[in-house]
Amino acid sequence: MQAMFNVDGKIALVTGATHGIGLEMACALAKAGAKIAFNDTNAGALERGLASYKEAGIEAHGYLCDVTDEAGVMKMISQIEKDVGVIDILVNNAGIIRRTPMTEMTAEDFRLVVDIDLTGPFIMAKAVIPSMLKKGGGKIINICSMMSELGRETVAAYASAKGGLKMLTKNIASEYGQYNIQCNGIGPGYIATSQTAPLREKQPDGSPHPFDRFILAKTPANRWGKPEDLAGPVVFLASSASDFVNGHILYVDGGILAYIGRQP
Ligand code: NAP
Ligand code: GCO
């Protein structure tokens, strides 16, 4: 059973994994035996990321690269092949959000979110699939969202991108499943990271943010998720334990999608 869940000697690239959910998933993959590569657009963040891996006893390889820059991505992938080896596991984690009422959002901002959250995973997957085909298979894991299923005020661009990412996942599974490539998604619920920090800020009187209360009332588990909650799911989808799971979105949400919400 242990052999089924280990990724010993596999090479994993986790995008945007200098902190938050990406860092935690990369550490989980390393603990399950994988060699880790990660990227970020910012040199300072990359250095801090390298320090965090070192502190966790993990030898990770960091690269400065924007997931929307196709030429830069191709360069990074061939550098990873030289430094570490051919990628077996790609985790498309890098992402941003803009919270703006739709009628006030510029088309430029909408495009930026879609570019990073949807076109980025397309560029990354397109870059690794040819070598996966030569190697005889691979795992692609796309980090989706509650917003792959649900809408809410102010997140039109993010919901459009994450809904699209769900369908990109199913399409990669459909197109490359016959070549032993499994492409699945993880849909985290509301996880306490820098992305959601503004939604958890205490009010001036010290009381919880109304959105914080709202999320607790919507989550059967009655808590925010932690980045560590994604560790088991990512190892499952990266390992041979999930070899016949393809095009699936595994929601890791404390039950949000099953629940109508607590009665006020
Ligand atoms: P986070 O702390 O903001 O981390 C996102 C990471 O992506 C950062 O390291 C960021 O780098 C990097 N990034 C942004 N744009 C990039 C680009 N163009 N190229 C390369 N890297 C880029 O967010 P998180 O909460 O850990 O979220 C990680 C993923 O999970 C995102 O896709 C997010 O949408 C998704 N997610 C989050 C939640 C949640 O509740 N937190 C729930 C569902 C899904 P910098 O820090 O240098 O900007
Ligand atoms: C928001 C949040 C979400 C989460 C996450 C939910 O403003 O509603 O930031 O979109 O980050 O993606 O799964």
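Preceding this paragraph is the structure being described.
Residues numbered from 1 in each chain as written. Chains lettered and ligands numbered in written order. Predicted model: local features only at pLDDT ≥ 70, side-chain atom pairs only at ≥ 80, totals over all residues. Heavy atoms only, no water.

Q: Got a minute to help me understand the pairing of strand E3 (residues 60-64) in this structure?
A: Two faces belong to every sheet, and in a regular strand the side chains alternate between them. As judged from the five bridges shared by strand E2 (residues 35-40) and E3, these two strands associate in the parallel manner. Residue pairing across strands places Ile36 opposite Ala60, the latter belonging to E3. Between E2 and its parallel partner E3, the chain crosses via helix H2 (residues 43-55), and the hand of that crossover is right-handed. (Pairing = 2+ DSSP bridges. Helix = DSSP H or I, 4+ residues; strand = E, 2+ residues; numbered from the N terminus. Right-handed = clockwise from strand over helix to strand, strands pointing away.)

Q: Please clarify how a nonpolar patch on the surface should be interpreted in this entry.
A: Where nonpolar side chains cluster on the molecular surface, the patch consists of Met1, Met4 and Phe5 and spans about 330 Å² of accessible area. Tracing the backbone through its elements, the reader meets Met1 in the segment before strand E1 (11-15). (Patch = residues over 30% accessible without salt bridge, like charges linked within 9 Å, V, L, I, M, F, W, Y side chains within 5 Å. Areas by Shrake-Rupley, 256 points an atom, 1.4 Å probe, with all protein chains shown as cover. Salt bridge = Lys/Arg side-chain N within 4 Å of Asp/Glu carboxyl O.)

Q: Is there a simple way to explain helix H7 (residues 210-218) in this structure?
A: Residue pairs spaced three or four apart in an α-helix point in one direction, given the helix's 3.6 residues per turn. For H7, the full list of buried residues reads Phe211, Asp212 and Ile215. The arc that holds every buried residue of H7, seen down its axis, measures 105°, which confines them to one face. Residues of H7 that are buried in the fold lie against helix H6 (197-200). (Buried < 20%, exposed > 50% of the residue type's maximum accessible area, 1.4 Å probe, protein only. Arc of directions from axis to C-beta. Contact = heavy atoms within 4.5 Å.)

Q: It is not clear to me how the sheet that holds strand E4 (residues 89-92) should be interpreted in this structure. Could you clarify?
A: Sheet strands line up and pair through hydrogen bonds in the backbone, either parallel or antiparallel. The strand order across the open sheet formed by seven strands is E3-E2-E1-E4-E5-E6-E7, and the pairing between neighbours is parallel. Both edges of this open sheet fall to E3 and strand E7 (249-252), since each of them pairs with a single strand only. Strand-to-strand twist across the sheet, computed as the mean angle between neighbouring axes with direction ignored, equals 20°. Its contacts with the sheet put helix H1 (residues 20-31) on E1, E2, E4, strand E5 (138-143) and strand E6 (181-188), and the angle it makes with E1 is roughly 170°. Across the sheet, H2 lies against E2 and E3, angled at about 155° from E2, the strand it touches most. (Axes fitted to C-alpha atoms, helices over the stretch in contact; angles between N-to-C directions.)

Keep in mind these numbers describe shape, not what the thing actually does.
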